[in-house]
Amino acid sequence: MVSQFGSLGYTIMGKTADLTSAVSKHVNRKLSGRKKCGRKRCTTNRENCSLERLVKQNRFKNLGELHQEWTEAGVKASRATTHRRVKEFGYSCRIPLVKPLLNHRQCQRRLTWAKEKKKWTVAQWSKVLFSDESNRIWHLPQPGVLDWPGNSSDLNPIENLWGIVKRKMRNKRPKNADELKKPGLPCHLSSATD
């Protein structure tokens, strides 16, 4: 192949073409809406619209729940694709409420409480029943209630348990207690619900 470049054109195998026409062809191809090269999108516009509707219906659903509902509707997409599409819609995930910071007095009360309980034995702690605000318990009036500094739910060890449960259940959404106790779940998790 013989090439000869001049100031106004180029010659390949005896054919001469104007260099400006070659450039204009390339530019016209770009402007004519030629599709981009690369991997084809695995979801259709219709499927993407159905995912956007799922997000709008309940903005408190996590990514795992959105992905599960979307794929149950017949869409073949990975969890990563689901995440990309939700971001393409302009959504970002964040904690809905900002918790107020502790003031100086609350910090002092927490520190005093921790210092008082620092030397407690296992026997003393075993007499404490921890729960969270969503649970109600029956108790007799005679047992004492552990003093607790205000705005200190993070000191409650049950919050750590909820974190473990959420991580273990990220992709599993049991609808009742029987499904929760099915084999395949970690032993300590299913026994914790008994």
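The rules we used
- Residues numbered from 1 in each chain as written.
- Predicted model: local features only at pLDDT ≥ 70, side-chain atom pairs only at ≥ 80, totals over all residues.
- Heavy atoms only, no water.
- Helix = DSSP H or I, 4+ residues; strand = E, 2+ residues; numbered from the N terminus.
- Buried < 20%, exposed > 50% of the residue type's maximum accessible area, 1.4 Å probe, protein only.
- Axes fitted to C-alpha atoms, helices over the stretch in contact; angles between N-to-C directions.
- Parallel < 35°, antiparallel > 145°, perpendicular 65-115°, else oblique.
- Left-handed = near helix turned anticlockwise from the far one by under 90°.
- Contact = heavy atoms within 4.5 Å.
- Nonpolar A, V, L, I, M, F, W, Y, C, P; charged D, E, K, R; others polar.
- Salt bridge = Lys/Arg side-chain N within 4 Å of Asp/Glu carboxyl O.

Its location among the elements puts Ser78 in the loop between α3 (63-72) and α4 (79-88). Once the C-alpha coordinates of Ser78 and His67 are considered, the two residues, 11 residues apart in sequence, prove to be 7.8 Å apart.

Looking now at the environment of Leu129. Considering the arrangement of structural elements, one finds Leu129 in the loop between α6 (122-125) and α7 (158-168). Using a relative accessible area of 63% as the deciding quantity, one classes Leu129 as exposed. Between the C-alpha atom of Leu129 and that of Leu146, which follows or precedes it by 17 residues, the distance is 9.2 Å.

Interhelical geometry of helix α2 (residues 45-57) versus α3 gives an angle of 135° and a closest axis separation of 10 Å. With respect to each other, α2 and α3 are oriented oblique. For the pair α2 and α3, the crossing hand works out as right-handed. Only Leu66, Glu69 and Trp70 of α3 make contact with α2, whose side of the interface consists of Glu47, Asn48, Ser50, Leu51, Leu54 and Val55. In the contact of α2 with α3, the residues fall into 5 nonpolar, 2 polar and 2 charged.

To continue, consider the pattern of salt bridges. A side chain with one charge may pair with a side chain of the opposite charge, provided their charged atoms come close. In this structure the tally under the stated criterion is 4 salt bridges. The residue Glu88 makes a salt bridge to Arg41 at a minimum N-O spacing of 2.9 Å. One end of the pair, Glu88, is in helix α4; the other, Arg41, is in the loop between α1 (19-31) and α2, and 47 residues separate them in sequence. Given the relative accessible area of 45%, Glu88 is considered partly exposed. Looking at Arg41, the relative accessible area reads 46%, which means it is partly exposed. Salt-bridge contacts for Lys61 lead to Glu69; the nearest nitrogen and oxygen are separated by 2.8 Å. Given a relative accessible area of 18%, Lys61 falls into the buried group. Because the salt bridges share partners, they merge into one network encompassing Arg41, Arg85 and Glu88.

Read these as layout, nothing more, since geometry by itself doesn't imply function.
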